Number of protein chains: 4
Amino acid sequence: MTRPARPGRDAFATFRPIQTRWADNDVYRHVNNVVYYGYFDTAVNGWLIEKDLLVPGESPVYGIVVETGCTFFESVAFPQALEAGIAVARLGETSVTYAIGIFRAGGALACAAGRFTHVYVDGATQRPTRIPEPVRAALEGLAVP
Amino acid sequence: MTRPARPGRDAFATFRPIQTRWADNDVYRHVNNVVYYGYFDTAVNGWLIEKDLLVPGESPVYGIVVETGCTFFESVAFPQALEAGIAVARLGETSVTYAIGIFRAGGALACAAGRFTHVYVDGATQRPTRIPEPVRAALEGLAVP
Amino acid sequence: MTRPARPGRDAFATFRPIQTRWADNDVYRHVNNVVYYGYFDTAVNGWLIEKDLLVPGESPVYGIVVETGCTFFESVAFPQALEAGIAVARLGETSVTYAIGIFRAGGALACAAGRFTHVYVDGATQRPTRIPEPVRAALEGLAVP
Amino acid sequence: MTRPARPGRDAFATFRPIQTRWADNDVYRHVNNVVYYGYFDTAVNGWLIEKDLLVPGESPVYGIVVETGCTFFESVAFPQALEAGIAVARLGETSVTYAIGIFRAGGALACAAGRFTHVYVDGATQRPTRIPEPVRAALEGLAVP
């Protein structure tokens, strides 16, 4: 079982705050593993929307998730404030894989680190299509530092 | 069908920021009605934890939810930043009912307004018990203005 | 604080199975109060879809939730199998209020009981509109027994 | 980007029903990628509880999630009935990796396929510990067919 190294802040190009919620904690009193993927979705889509690169339900071309994964290094719990670090690990013709790290706010090492792959599709046909140029240009700015 | 009036900010004693998430929106592209109750839970419990009045899973006496309700006035959608206004609408021997309003950040009128009743129980017996004095003192500070 | 009586099975016109999930339980090891509203949404919309009365995102006229509430009588926990009882408590020109009870599978008394009000709107304008006749006819079959 | 092959039913040793919910669908009207991980949690923990191998919050030794991943092949949507196929892909001294496939009920090919790794810990110390013998014996019965 090869386990990836625990990344630091320098592995990510931008950071976004993540607010925990009461229901994020499960019976073990820590944020449940599933919830981290919700942080990924929120961080990536929040960034795209803020950059005017996505209007959910209106953009004719958008990314659909085809693969995700996450390694968990240290537990966190509500009401801890968190941050999501984002970088682009791989940028293809029709797909982009983000590297994402979840940190305690201001923390040096990620508590969890994952990847999140979007394939861009034409909403009408659901067939893969080239990543739109404005999206690509912005993603290039998120290259792993 | 009597519908309560839409409250303004002056109906609440304190405000807490609420961050929306991608999954808060349902197929109608607005925050789903269920999610507001998660905002209530997070706002009330977050306030209690911050005031050192609750350590989930450790406090011997704590509130359990016996009744909630919400009226929806205007839809909101991720990534809109929100605020939860909190006040104490009724303070009894063993129970407290919070009034909660969900506002767009800085908004004048609540988009949704609800109530949330905690009965305090002894964790060991799950029987109702008097609200602990430090909790009561803090709750008195949240009286409807 | 007037607390409604705990309803039995005869207060509901139809029942639908509800499967609990790991994450339904919160740090107190019981199904969190918020989750019950998700059961309501799933039971009502599931029934409407099954009866061909709703195609989410396609039906030009559909119900939006304007008011909900729930009283909690007895806790349940994953992996307990549940049932949602449904009845129509009030049927107006443009709105319907469902009474919903959450039971342990086969249980005699509801563990939680709530209400759920849909106002029908024209999706294009989001203005209230008459409940479509096929929906009304089906709802009449759910009158409180 | 190497993409794993889409597994069939013969890749799994046991199947468990999964009921979808209204809120599983996101703005794209399909089950959101995050929700599949909730199906994984529910399927694995539900199986363990049913086999008397886990009492959440009481078992002194239990699995915590250290790594998960999922590849998405075909979208599904509420109210579609699903099944989760489970197999043990790797059984170590202190950890187990489950292979999980999410199928439409009765479907031949998985709509999503993932893995889910539990490391067993002593709840008191949170240090890794040997998988208890009864758990190991049961897991051996889930070997990839």
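Up top you'll find the structure we're talking about.
Source: prediction; values computed, not measured.

## What to know about the pattern of salt bridges
Part 1: Enumeration over the complete set of coordinates arrives at 36 salt bridges over all chains.
Part 2: Across the pair B:Arg16 and B:Glu50 runs a salt bridge, and its minimum N-O distance is 3.0 Å. With B:Arg16 in strand β1 (residues 14–19) and B:Glu50 in helix α1 (residues 33–50), this residue pair connects regions lying 34 residues apart in the sequence.
Part 3: Its relative accessible area of 57% is what places B:Glu50 among the exposed residues.
Part 4: Between D:Glu67 and D:Arg115 there is a salt bridge, with its nearest N and O atoms 3.2 Å apart. Taken as a pair, D:Glu67 in strand β2 (residues 61–72) and D:Arg115 in strand β5 (residues 112–122) lie far apart in primary sequence, 48 residues in all.
Part 5: A relative accessible area of 30% means that D:Arg115 is categorised as partly exposed.

## Things to note about the sheet that holds strand β4 (residues 95–104) of chain B
Part 1: With antiparallel pairing, the 10 strands of this open sheet are ordered in space as β1(B)-β3(B)-β4(B)-β5(B)-β2(B)-β2(C)-β5(C)-β4(C)-β3(C)-β1(C). The open sheet has two edge strands with one neighbour each: β1 of chain B together with β1 (14–19) of chain C. Direction aside, the axes of adjacent strands within the sheet are offset by 30 degrees on average.
Part 2: As defined by bridge partners, strand β2 (residues 61–72) of chain B adjoins strand β5 (residues 112–122) of chain B across 11 bridges and the pair is classed as antiparallel. Paired with B:Gly69 across the two strands is B:Arg115, which belongs to β5(B).

## Some remarks on the packing of helix α1 (residues 33–50) of chain A against helix α1 (residues 33–50) of chain D
Part 1: The N-to-C vectors of α1(A) and α1(D) enclose an angle of 175 degrees; their axes lie 9 Å apart at closest approach. For the element pair α1(A) / α1(D), the angle class is roughly antiparallel. Residues A:Asn33, A:Val34, A:Tyr37, A:Gly38 and A:Asp41 of α1(A) form the contact with α1(D), whose participating residues are D:Asn33, D:Val34, D:Tyr37, D:Gly38 and D:Asp41.
Part 2: Residues of the contact of α1(A) with α1(D), tallied by class, amount to 4 nonpolar, 4 polar and 2 charged.

## Here's the deal with the relation of the copies chain A and chain D
Part 1: When chain A is fitted onto chain D, the two copies agree to an RMSD of 0.0 Å after a turn of 180 degrees and an axial shift of 0.0 Å. Given the turn and translation reported, the copies of this chain are related as if by a two-fold rotation axis. Closest approach to the rotation axis among the C-alpha atoms of chain A is made by A:Gly69, whose C-alpha sits 1.9 Å away.
Part 2: Taken together, the interface assignments show that 96% of the residues at the interface of chain A recur at the interface of chain D, consistent with an identical surface on both copies.

## Quick notes on the interface of chain B and chain D
Part 1: Listed by partner, the interface residues are 7 residues for chain B and 7 residues for chain D.
Part 2: With both chains or domains summed, chain B and chain D bury close to 740 Å², and 62% of this area falls on carbon and sulfur atoms.
Part 3: At the surface where chain B touches chain D, the tally comes to 0 salt bridges.
Part 4: In this assembly, chain B and chain D are joined by 2 residue pairs in polar contact (both at pLDDT 80 or more).
Part 5: Per-class residue counts for the side of chain B that touches chain D are 3 nonpolar, 2 polar and 2 charged.

What counts, and where the lines are drawn
- Residues numbered from 1 in each chain as written.
- Chains lettered and ligands numbered in written order.
- Predicted model: local features only at pLDDT ≥ 70, side-chain atom pairs only at ≥ 80, totals over all residues.
- Heavy atoms only, no water.
- Salt bridge = Lys/Arg side-chain N within 4 Å of Asp/Glu carboxyl O.
- Helix = DSSP H or I, 4+ residues; strand = E, 2+ residues; numbered from the N terminus.
- Buried < 20%, exposed > 50% of the residue type's maximum accessible area, 1.4 Å probe, protein only.
- Pairing = 2+ DSSP bridges.
- Axes fitted to C-alpha atoms, helices over the stretch in contact; angles between N-to-C directions.
- Parallel < 35°, antiparallel > 145°, perpendicular 65-115°, else oblique.
- Contact = heavy atoms within 4.5 Å.
- Nonpolar A, V, L, I, M, F, W, Y, C, P; charged D, E, K, R; others polar.
- Least-squares fit on C-alpha atoms with pLDDT ≥ 70 in both.
- Buried area = accessible area lost by both parts, 1.4 Å probe.
- Polar contact = N/O pair within 3.5 Å; in protein donor to acceptor, adjacent residues only side chain to side chain.

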